[in-house]
Amino acid sequence: MGHTVKGKKPLLARVRRIQGQAAAIERALEEGQECMAVLQQIAAIRGAVNGLMAEVLEGHLREHLLAPTAADAEADPARQQEADQVMRLVRSYLK
């Protein structure tokens, strides 16, 4: 079972918030709101999508690339540490 299935509820909550933000941008454009208000909403939705990307990517990394196999009782701590460093870098990049 994939991590997106196990963590479906919080991921769907994020997606629904993003949908609400997209609808707010559409309303702002239809209503002719000021450019700065629209730009702020676009920046907010970009941050939300990047957060979703980071969460799914981290889950994938941990579930599919670092998960211990039946032969290994535990995941390698060095690999875990490296994965943590990669995820910090990715999260920093996505901000």
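None of these values were measured; they are calculated from a predicted model.

(A) Structural detail: the confidence of the model for the protein. Model confidence for the protein is summarised by a mean pLDDT of 86, while 87% of its residues fall at 70 or above. Helix α2 (residues 8–31) holds the highest mean pLDDT among the elements of the protein, 96, whereas helix α1 (residues 3–6) holds the lowest, 70.

(B) Quick peek at the pattern of salt bridges. In this structure the tally under the stated criterion is two salt bridges. Measuring nitrogen to oxygen at the nearest pair gives 2.5 Å for the salt bridge that ties E55 to R14. Taken together, the positions of E55 in helix α3 (residues 35–65) and R14 in helix α2 put the pair 41 residues apart, joining distant regions of the chain. Its relative accessible area of 26% is what places R14 among the partly exposed residues.

(C) A look at helix α4 (residues 77–94). Between its first and last C-alpha atoms α4 spans 26 Å; for 18 residues at 1.5 Å apiece the expected length is 26 Å, and the two agree. Of the positions making up α4, those classed as buried are A83, M87, V90 and L94. The buried residues of α4 occupy one face: seen down the axis, they fall within an arc of 60°. Facing away from the buried side of α4 by over 90 degrees, the exposed positions are P77, Q81, E82, R88 and L89. The secondary structure elements touched by the buried residues of α4 are α3.

What counts, and where the lines are drawn
- Residues numbered from 1 in each chain as written.
- Predicted model: local features only at pLDDT ≥ 70, side-chain atom pairs only at ≥ 80, totals over all residues.
- Heavy atoms only, no water.
- pLDDT = per-residue confidence, 0-100.
- Helix = DSSP H or I, 4+ residues; strand = E, 2+ residues; numbered from the N terminus.
- Salt bridge = Lys/Arg side-chain N within 4 Å of Asp/Glu carboxyl O.
- Buried < 20%, exposed > 50% of the residue type's maximum accessible area, 1.4 Å probe, protein only.
- Expected span 1.5 Å × (residues − 1).
- Arc of directions from axis to C-beta.
- Contact = heavy atoms within 4.5 Å.

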